[in-house]
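# Report on the structure
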Amino acid sequence: MTVHQNQEKSGLLNLQEGIQVHDGISADGAKEQQASSGYQKRAQDRSTNPSLLKTKEFYLYYLVFITFIPYMFKTAHDASAEYNPNYEKFKDLLSDGWFGYKMDNSDQQYANFRNNLPILAAVISIYLPLGHLYKRFLVPVTPIKSPHQPLYRAYFFVTFSFIYIYFMHGNSLLKIGAIVTVNYAIAKLGGSSRLMPTLTWIFNLAILFLNETYRGYNFTDFHSSLAWLDDNRGMNSRWDVTFNFTMLRLVSFNLDYYWSLRQTREEKQKIDRDRAPATDKERVSTPTFEEDYNFIYYLAFTLYAPLYVAGPIMTFNDFISQLRYPKEIKAKTLGMWFGRLIFCLLTMEFMMHYMHLVAISKRQAWDNDPILQICMIGLFNLVLIWLKLMIIWRFFRFWALADGIEAPENMIRCVLNNYSALGFWRGWHKSYNLWTLRYIYIPLGGTRYAIYNIWVVFTFVAVWHDINLKLLAWAWLISFFVLPEIIASKIFSKKKAIGFSLGLENTTKMLLDLFGSLYGWTVMFGCFCAIFVCAQIQFEIREAEKRRGIFLNC
């Protein structure tokens, strides 16, 4: 165990930058960026140890697994069953489910996705055949290596995206188009000027605040004669909610364009355009042709329908690279990801019917529940949050994969398959993590100025998610504790769990119950034993991955 822990304890920010070994975040061709950052790639430990899966020690762990995991599910079920005294407090939040059972569909984000799943499936069933027919007859099969060869797929992307977004947001497409156009103008007018990145950030942060303040605006706010445009708001009037993802793509285009212009002649000559980039790292780090930074390709990237609503997040360089040098995505790979998506959907249906933990949390319906049940309410709420986000992200990622575009996978591991907070955050919403490293952390100086720039990074993370004082306070608290790595690990993960499940007041009560009775101490001892066993299994899982040549850094 000590060996594994020592491998992790190499400093929080160095560990976070270790992700970049895979993604190639620092290789932007902009010399002054790397020189000022003090950025160095962390050497990755690729040594392996013999398998322990068939040892007597692990047979004991297997016994613990097959005993405790079903009991954990039963405990969570007992907290939400009809015979629980608190059932009356949350039963009005339940709805009719499959086979006459009640289900908990009270999570608004997932309910919106689940209820619109048939419509999304219909859209995909229209998009994919049209896209493949278009590609078959109008798009060259060979790589498009010359800047004078147009990327015909981009025109299809733009056309379909306009129809798709108009269907979703109605006339708000005009608002989205105006913001996107202004951002493009900043990039083109600013060019290689050092002011361009600053103006890009000012504009996009201002849009975040304005969108939040005016909740997407009304056309009447601009002029009374435009009131008729407010009559058509599409299926979802809150276009500003999903626009946060669009904002990330706007920044990506502008900064990738800026860094491409800052390249020296020698750096440009080193780029081999005759072959496809060998790795994902190379696709992200290699600037595309200067001619590719045009308005049509910009719109195709910014409004790309499969990833428009929720990501995962790609960089402009990567997106255009995959159009010029298409990846070969085999039918077997698509089948595997589709199977995983279906399995996750079925797992979520089971959990929504078997345990009603979101409804319990909304009503705080755990009065006089045993302390173990309260612990399981908090734990499985975190699992449900992980599962719903993974389903949403994998759905849209699968759509993109079926379209021939490979976006990063956001959820690398199960939320419970983490023995350290550092590994947890590197594998949670990974594409966003990589985005913040590439466009914020490294340009601000990387590890050289880590003490200062982590405040900016975490502040942006909070503001991007929601402009809320509590989130800002959370971000600043984490920034304060992140400097000593060990303390940061404990505070970071604990505060996140508090915010999503029990709340601060009820967490305090839970801790008092744990330490204030013999039963509480018994529960805590059992939890520590279970956590120890889980950690040993997780160490061995990572060793098995390394023996197969898989290195995930989380």
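My aim in this report is to walk through the structure given alongside it, one point at a time. Please read these numbers as outputs of a predicted model, since none were measured by experiment.

### A few points about the overall build of the protein
- Helix and strand counts for the protein come out as 27 helices and 2 strands.
- Across the 554 residues that make up the protein, the buried fraction comes to 52%.
- Carbon and sulfur atoms provide 65% of the accessible area of the protein, an area that totals close to 26700 Å².

### What to know about the nonpolar core
- Ranked by size, the top nonpolar core spans 128 residues in total, and within it Tyr-164, Phe-319 and Phe-396 carry the most contacts.
- Broken down by element, the residue count for this core peaks at 23 residues, all from helix α20 (residues 371–402).
- Formed by 5 residues, the second largest nonpolar core is a distinct cluster that contains Phe-58, Val-64, Val-533 and Ile-537.

### What about the packing of aromatic side chains?
- Counted under the stated rule, the structure contains 46 aromatic pairs.
- Geometry around Phe-219 places Lys-175 over its ring, the cationic atom sitting 4.7 Å from the centre.
- Above the plane of the ring of Trp-337 lies Arg-340, whose end atom (NZ or CZ) is 4.8 Å from the centre.

### Focus: a nonpolar patch on the surface
- On the surface, Leu-133, Phe-137, Leu-138, Tyr-152 and Tyr-155 cluster together into a nonpolar patch covering about 530 Å² of accessible area.
- The set of elements that each furnish at least two residues to the nonpolar patch consists of α8 (117–138) and α9 (152–169).
- Element by element, the count of residues in the nonpolar patch is highest for α8, at 3 residues.
- Note on placement: Tyr-155 falls in helix α9.

### A word on the environment of Ile-405
- Checked against the element boundaries, Ile-405 lands in the loop between α20 and α21 (421–427).
- Sequence spacing of Ile-405 and Gln-322 is 83 residues, and the spatial spacing of their C-alpha atoms is 6.6 Å.
- Sequence-distant contacts of Ile-405, that is, excluding residues within four places in its chain, are made with Arg-153, Tyr-304, Met-314, Phe-319, Gln-322, Leu-323, Ile-329 and Ala-400.

### Structural notes on helix α18 (residues 331–354)
- Between the first and last C-alpha of α18 there are 34 Å, a value that for 24 residues agrees with the 34 Å anticipated at 1.5 Å per step.
- Those residues of α18 not exposed but buried are Trp-337, Leu-341, Cys-344, Leu-345, Met-348, Glu-349, Met-351, Met-352 and His-353.
- Those residues of α18 hidden inside the fold are in contact with β2 (102–103), α7 (108–115), α8 and α20.

### Quick look at unusual backbone geometry
- At the junction of Gly-311 and Pro-312, the peptide bond is cis and its omega measures out at 5 degrees in the coordinates.
- A positive phi angle, near 65 degrees, is found at Asn-368, a position not held by glycine.
- Topologically, Asn-368 is positioned in the loop between α19 (357–363) and α20.
- Although it is not a glycine, His-429 sits at a positive phi angle of roughly 50 degrees.
- With respect to the helices and strands, His-429 occurs in the loop between α21 and α22 (430–441).

### Observations regarding the pattern of salt bridges
- Taken as a whole, this structure holds 20 salt bridges when the rule is applied.
- The salt bridge involving Asp-403 is made with Arg-153; its shortest N-O contact spans 2.8 Å. In this pair, Asp-403 sits in the loop between α20 and α21 while Arg-153 sits in helix α9, placing the two residues 250 residues apart along the sequence. We note that Asp-403, like Arg-153, is buried.
- The closest approach of N and O atoms between Glu-543 and Lys-546, which form a salt bridge, is 3.5 Å. With Glu-543 and Lys-546 both in helix α27 (residues 518–547), this residue pair falls 3 residues apart, about one helical turn.
- The network of salt bridges with common partners includes Asp-280, Lys-327, Arg-394, Arg-397, Glu-406 and Glu-409.

Thresholds, definitions, all that
- Residues numbered from 1 in each chain as written.
- Predicted model: local features only at pLDDT ≥ 70, side-chain atom pairs only at ≥ 80, totals over all residues.
- Heavy atoms only, no water.
- Helix = DSSP H or I, 4+ residues; strand = E, 2+ residues; numbered from the N terminus.
- Buried < 20%, exposed > 50% of the residue type's maximum accessible area, 1.4 Å probe, protein only.
- Areas by Shrake-Rupley, 256 points an atom, 1.4 Å probe, with all protein chains shown as cover.
- Core = buried A, V, L, I, M, F, W, Y, C linked by side-chain atoms within 4.5 Å.
- Phe/Tyr/Trp six-rings, centres within 6.5 Å; stacked < 30°, edge-to-face > 60°.
- Lys NZ or Arg CZ within 6 Å of the ring centre and 35° of its normal.
- Patch = residues over 30% accessible without salt bridge, like charges linked within 9 Å, V, L, I, M, F, W, Y side chains within 5 Å.
- Salt bridge = Lys/Arg side-chain N within 4 Å of Asp/Glu carboxyl O.
- Contact = heavy atoms within 4.5 Å.
- Expected span 1.5 Å × (residues − 1).

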